[in-house]
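Read off the chains here:
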Number of protein chains: 6
Amino acid sequence: MSDTPSQKLSHFDALGQAWMVDVGHKQPSQRKAVAQGSIRLSQAAFAALQNPQEHSPKGDVLGVARIAAIQGAKQTSNLIPLCHPLPLTHLSVDFALDAEQLRVQITVTAETFGKTGVEMEALTGASVGLLTIYDMLKAVDKGMVIEAIALLRKEGGKSGTWLRPSGAED
Amino acid sequence: MSDTPSQKLSHFDALGQAWMVDVGHKQPSQRKAVAQGSIRLSQAAFAALQNPQEHSPKGDVLGVARIAAIQGAKQTSNLIPLCHPLPLTHLSVDFALDAEQLRVQITVTAETFGKTGVEMEALTGASVGLLTIYDMLKAVDKGMVIEAIALLRKEGGKSGTWLRPSGAED
Amino acid sequence: MSDTPSQKLSHFDALGQAWMVDVGHKQPSQRKAVAQGSIRLSQAAFAALQNPQEHSPKGDVLGVARIAAIQGAKQTSNLIPLCHPLPLTHLSVDFALDAEQLRVQITVTAETFGKTGVEMEALTGASVGLLTIYDMLKAVDKGMVIEAIALLRKEGGKSGTWLRPSGAED
Amino acid sequence: MSDTPSQKLSHFDALGQAWMVDVGHKQPSQRKAVAQGSIRLSQAAFAALQNPQEHSPKGDVLGVARIAAIQGAKQTSNLIPLCHPLPLTHLSVDFALDAEQLRVQITVTAETFGKTGVEMEALTGASVGLLTIYDMLKAVDKGMVIEAIALLRKEGGKSGTWLRPSGAED
Amino acid sequence: MSDTPSQKLSHFDALGQAWMVDVGHKQPSQRKAVAQGSIRLSQAAFAALQNPQEHSPKGDVLGVARIAAIQGAKQTSNLIPLCHPLPLTHLSVDFALDAEQLRVQITVTAETFGKTGVEMEALTGASVGLLTIYDMLKAVDKGMVIEAIALLRKEGGKSGTWLRPSGAED
Amino acid sequence: MSDTPSQKLSHFDALGQAWMVDVGHKQPSQRKAVAQGSIRLSQAAFAALQNPQEHSPKGDVLGVARIAAIQGAKQTSNLIPLCHPLPLTHLSVDFALDAEQLRVQITVTAETFGKTGVEMEALTGASVGLLTIYDMLKAVDKGMVIEAIALLRKEGGKSGTWLRPSGAED
């Protein structure tokens, strides 16, 4: 990666004090961010998720987690201290079940038209969705691990498109 | 792990519909939960964190993340749909920097005296703390990955103490 | 009404999963919505409201309910999972007392300039206003009934003006 | 009903000013409240709900509304100005579809152990659940009407059990 | 005052890091706190408040501010990072108009039965009430000054009763 | 000041009822507001703040208060009933310590591009920041007084720039 230590941390002013960066001069643009993350389950927890008829109506754990992810993404600027509030124009949440790896992967896509990016909204949505899966299955398995919450890509803004280097996650 | 698929998912009633479990009959007890998680940084982001005098006052990224973790933990029942609201009596947040692995690890301890556990509070605090580190360093590195958010141990309640099996995380 | 079952539910994507609809491509326009609802009181509760000098300063129950309706409308996107957050530009709340029918009717008008309508904001404001009247009079009467919360009209957006068919409410 | 105008409105002090009633001297007790409400749909909206395979996965509208009702009930003291905050120990939400009357009825049960009742929590949950159904079906039908939000019964507290007089709703 | 620099700041642990103090071991007790504050108005703003019939219904500015103070006090643990959440059992708000000094004084009383005091709830309620008065009169006068927000007394807890030394405010 | 009693209170409609003013017709413009306030400490509390190495890491009380001020400013429209929600584009918080007067002064600058001003956001941020200082030092001194919260200047909007008359504060 081309990042160098000389880059400034934009969340600090010249005196090194935290602030909410001034974005007033930025041009609004169409913004999009996609974030992913996953949760690793025990056999028992994965079975509860996969054969839900024995435990729960099909898809309900993920159905609740999807709503939690959406509601959580809308709370981003209340949760992340230096995040700007912004009106999301789109949020979608997808899940993929990996029976071999015993994982559930969440993908959250966030969009807005505005002066700041929506990376934190996508990442926060993914985190809250995974926490909700943990909460709903923790009676079966307390050992689940939330893993690999990362930005997949972002579009829009002055810095344009950023794509996660392939293979970066492993 | 001894979990078996026959365990019931407590968040669903007999008809398989999501609800907020009835804990009215439970005896209140002293509850404690410790959760951990980490974020993997690029060299550049870790340098910004480690030599903050070039970028920021010492500890400020972590100082902001600590407050965010505490505030986030207090929002748990608003974020996780089927979580019971409960008044936390203690919350602490610790960070450990691993310069070799380029990681920051967060440990959140939550306590209450009540009828439900505080696992979700500890896990939510850890997640929000790590998201805040991402937010504050993302101008330097968008490729950071949040990893290994897991419960370390819990105490109290009818099921008593649960300890993460050693080595489970790797 | 001309609705047909073939209309798509916009809150679900092609796979039938709930999401927050993408409104990024929509043109912002001036939006307005008016919602109504009412609460039916016992004689005793209505008397308490109408002759407040014996119980309370004039208008105070309704004064508190008005503020609750306004504050509640601002919480709409936090309460209704798939609602887009939007910055309201106007909110007003009116009450009408019907001594014969022993009802209080609330009318909430919401406006914004944006990409989504404000129907839910008006309806949520009306609901919270009526719930607040219930709360403040429930020491006198627990049997009050909240009734007929409905959209009266909406303006703006691609679908333009919608007016409630007259007589639809009865 | 035996209510008389001489009953005091407990939300006002001796000077008639709104306050949050002092419940410090009350004995905590097991509290329960059950509230109901319904929404009247057009044929088209009811069909969308009943034959969801053409529009949405089975039960999803109600699944989202159930979560919204639960989350909404937890927000009660933030929405209703003079409501005391209290930690709910149980919340459940049931729906009944009436194909003849083209109605969906919601029933919300709330419980706590505390010094104040949970009537407002049950009523608020019911209201938010119904508003969410409206939101999710409004692309099909804007004319839906929310009706008959009322307390069914309450238990606990000094005043003991209250049951809605039968037939009171019609 | 007998405070000495050797007193520890309870909001920091042994390493000097902010945390939410552990109050788990404390005995719950009846807690009460009374806070005051005032806002200094111009002649024009005071007239608008005092002769409201020309501008507004009697008492409405203060009526709205009272509700805001109550709602704000309930938000204390969300606003003040290291404050423990606690369920208030009583909140009252009083105003006094001083026509000579052109001031409005707010007094907020908060009570709970718990392990931590309610000083911050009373002070936060007073602050939000005064800010609301400013908001509602700022069209008449932007120069209003909020003054002298202070704790008047607190009761309960291990340290017992604390009374503001008389004359301390001037 | 040139304010006259004939100015209308914009928060009330023609019938004198509180509402959220209609700003739909206003032209959006660049808005800025600067607010100040201070807290007067005892010698002991000031020493704890000034020589933090004996009590706390340098700057931490102010670091926590800064984050609280930023987060609090983002909550303005939830706290102040008739405030319009608006997306802040900039927020900064500065502290000045006055060892002679034993005061800490906070200055909060808020900016947005929109139809309403950000005076309340700046004032709310200042209030919450000062309340947080009180909270963090109250173990040392309960007698601290929050003082002189006032608008310093505002820019933008139809009424243009407003500057606090010099000397007005003393």
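Bear in mind the structure is a predicted one, so any value in this text is a computation, not a measurement.

Procedures and definitions
Residues numbered from 1 in each chain as written. Chains lettered and ligands numbered in written order. Predicted model: local features only at pLDDT ≥ 70, side-chain atom pairs only at ≥ 80, totals over all residues. Heavy atoms only, no water. UniProt positions renumbered as here; feature names shortened; annotations may be inferred. Helix = DSSP H or I, 4+ residues; strand = E, 2+ residues; numbered from the N terminus. Buried < 20%, exposed > 50% of the residue type's maximum accessible area, 1.4 Å probe, protein only. Contact = heavy atoms within 4.5 Å. Pairing = 2+ DSSP bridges. Salt bridge = Lys/Arg side-chain N within 4 Å of Asp/Glu carboxyl O. Core = buried A, V, L, I, M, F, W, Y, C linked by side-chain atoms within 4.5 Å. Least-squares fit on C-alpha atoms with pLDDT ≥ 70 in both. Lys, Arg positive; Asp, Glu negative; His and termini not counted. Polar contact = N/O pair within 3.5 Å; in protein donor to acceptor, adjacent residues only side chain to side chain. Buried area = accessible area lost by both parts, 1.4 Å probe. Nonpolar A, V, L, I, M, F, W, Y, C, P; charged D, E, K, R; others polar. pLDDT = per-residue confidence, 0-100. Axes fitted to C-alpha atoms, helices over the stretch in contact; angles between N-to-C directions. Left-handed = near helix turned anticlockwise from the far one by under 90°. Parallel < 35°, antiparallel > 145°, perpendicular 65-115°, else oblique.

Q: What is the right way to read the UniProt feature "active site" (unreviewed entry) in chain A from this model?
A: Those places that UniProt annotates as "active site" (unreviewed entry) correspond, in this numbering, to Asp135 of chain A. Along the chain, Asp135 of chain A turns up in helix α4 (residues 119–137). Exposure remark for Asp135 of chain A: the relative accessible area of 2% places this residue in the buried category. Setting aside residues up to four positions removed in sequence, Asp135 of chain A forms contacts with His11, Ile80, Leu82, Cys83 and Met120 of chain B.

Q: Explain the pairing of strand β1 (residues 29–40) of chain E to me, please; I cannot follow it from the model alone.
A: Regular strands place their side chains on alternate faces of the sheet. Residues and elements named next belong to chain E. Among the twelve residues in β1, nine count as buried, and that is most of the element. In this sheet, strand β3 (residues 103–114) lies alongside β1 in antiparallel orientation, the contact comprising twelve bridges. Along β3, the bridge assignment pairs Ser29 with Gly114. Alignment of β1 against strand β4 (residues 145–155), held across eight bridges, turns out to be antiparallel. Residue pairing for β4: Val34 is matched across the bridge by Arg153.

Q: Even after reading the chapter, I still don't get the pattern of salt bridges, so can you show me in this structure?
A: It is possible for side chains bearing opposite charge to pair when their charged atoms get close. Inspection of the entire model under this criterion finds 24 salt bridges over all chains. In this structure, Lys138 of chain D and Asp135 of chain D form a salt bridge, with 2.7 Å as the shortest nitrogen-oxygen distance. Both residues of the pair, Lys138 of chain D and Asp135 of chain D, belong to the buried class. One salt-bridge network, in which partners are shared between bridges, spans Arg40, Arg103 and Glu147 of chain A.

Q: Just checking my understanding: could you explain the nonpolar core for this structure?
A: One finds Ile133 of chain A, Ile133 of chain B, Ile133 of chain C, Ile133 of chain D, Ile133 of chain E together with Ile133 of chain F to be the most contacted residues of the largest nonpolar core, which totals 307 residues. With residues up to four places along the chain from it excluded, the contact list for Ile133 of chain C reads Ile39, Val61, Leu62, Ala65, Phe95 and Val104 of chain C.

Q: Help me understand the relation of the copies chain E and chain D, please; the structure alone is not making it clear to me.
A: Both copies of the chain are related by one operation, a rotation about an axis with a shift along it. Its rotation angle being 120 degrees, the transformation that places chain E on chain D also includes 0.0 Å of axial translation and leaves an RMSD of 0.0 Å. Both copies of the chain, as the preceding transformation shows, are related through a three-fold rotation axis. Residue Pro87 of chain E, judged by its C-alpha, is the member of chain E lying nearest the rotation axis, at 4.7 Å.

Q: Looking at this model, I keep getting lost on the side chain of Lys115 of chain E. Mind explaining?
A: Among the secondary structure elements, Lys115 of chain E is positioned in the loop between β3 and α4 (119–137). One buried charged residue, Lys115 of chain E, forms no salt bridge at all, with the nearest opposite charge on Asp22 of chain E at 7.5 Å. There is a polar contact of 2.8 Å between the side chain of Lys115 of chain E and the backbone oxygen of Gly24 of chain E. Excluding residues that lie within four positions of it along the chain, Lys115 of chain E makes contacts with Thr89 and Phe113 of chain B together with Val23, Gly24, Lys26, Gln27, Pro28 and Arg31 of chain E.

Q: What's the story with the interface of chain E and chain D in this structure? I'm lost.
A: Interfaces are often sized by the accessible area lost when the parts come together. Across the boundary between the two partners, chain E contributes 17 residues, which contact 18 residues of chain D. When chain E packs against chain D, the two sides together hide about 1,400 Å² of surface, and 53% of this comes from carbon and sulfur. The largest per-residue losses of area from chain E upon contact with chain D belong to Arg66, Lys74 and Thr89 of chain E, which jointly make up 34% of the total buried on that side. For the pair chain E and chain D, the number of links is zero salt bridges. At the junction of chain E and chain D, the tally comes to nine residue pairs in polar contact (both at pLDDT 80 or more). Breaking the side of chain E that touches chain D down by element, the ones donating at least two residues are α2 (60–74), β2 (90–98) and β3 of chain E. Considering only residue class, the side of chain E that touches chain D consists of seven nonpolar, six polar and four charged.

Q: Can you help me understand the confidence of the model for chain A in this one?
A: Caution applies to low-pLDDT parts of the model: their predicted coordinates are not meant to be read in detail. Looking at chain A as a whole, the pLDDT averages 87, with 84% of positions reaching at least 70. The low-confidence segment residues 1–6 of chain A (pLDDT under 50) makes eleven contacts with residues lying over four places distant or belonging to another chain.

Q: I keep staring at the packing of helix α2 (residues 60–74) of chain B against helix α4 (residues 119–137) of chain B and nothing clicks. Help me out?
A: The description of two packed helices rests on the angle between their axes and on the distance between the axes. All names here are of chain B. It is at 7 Å that the axes of α2 and α4 come closest, and there the two elements cross at 145 degrees. Note on packing geometry: the crossing formed by α2 with α4 is right-handed. Across the interface between the two elements, Val61, Leu62, Val64, Ala65, Ala68, Ala69, Gly72 and Ala73 from α2 touch Glu121, Thr124, Gly125, Val128, Gly129, Thr132, Ile133, Met136 and Leu137 from α4. Its residues assigned to classes, the contact of α2 with α4 shows eleven nonpolar, five polar and one charged.

Q: Help me understand the environment of Ala45 of chain B, please; the structure alone is not making it clear to me.
A: All names here are of chain B. Secondary-structure assignment places Ala45 in helix α1 (residues 43–50). Separated by 97 residues in the primary sequence, Ala45 and Lys142 place their C-alpha atoms 9.4 Å from one another. Aside from chain neighbours lying at most four places away, what touches Ala45 is Leu137, Val140, Asp141 and Met144.

Q: Hey, could you run me through the packing of α4 of chain E against helix α4 (residues 119–137) of chain F in this one?
A: At a minimum axis separation of 11 Å, α4 of chain E and α4 of chain F run at an interaxial angle of 165 degrees. On the basis of the axis angle, α4 of chain E is roughly antiparallel to α4 of chain F. In the crossing of α4 of chain E with α4 of chain F, the sense of the turn from one axis to the other is right-handed. For the pair α4 of chain E and α4 of chain F, contact is made by Met120, Leu123, Thr124, Ser127, Leu131, Tyr134 and Asp135 of chain E and by Met120, Leu123, Thr124, Ser127, Leu131, Tyr134 and Asp135 of chain F, respectively. The residue inventory of the contact of α4 of chain E with α4 of chain F, partitioned by class, reads eight nonpolar, four polar and two charged.

Q: So what exactly am I meant to see when it comes to the pairing of β3 of chain E here?
A: All names here are of chain E. Burial analysis of β3 places nine of its twelve residues in the buried class, the great majority of the element. Pairing geometry for β2 and β3, over nine bridges, is antiparallel. Across the sheet, residue Phe95 finds its bridge partner in β3, namely Ile106. Taking the residues between adjacent antiparallel strands as the criterion, β2 and β3 are bridged by four residues, where Leu102 takes a positive phi near 55 degrees.

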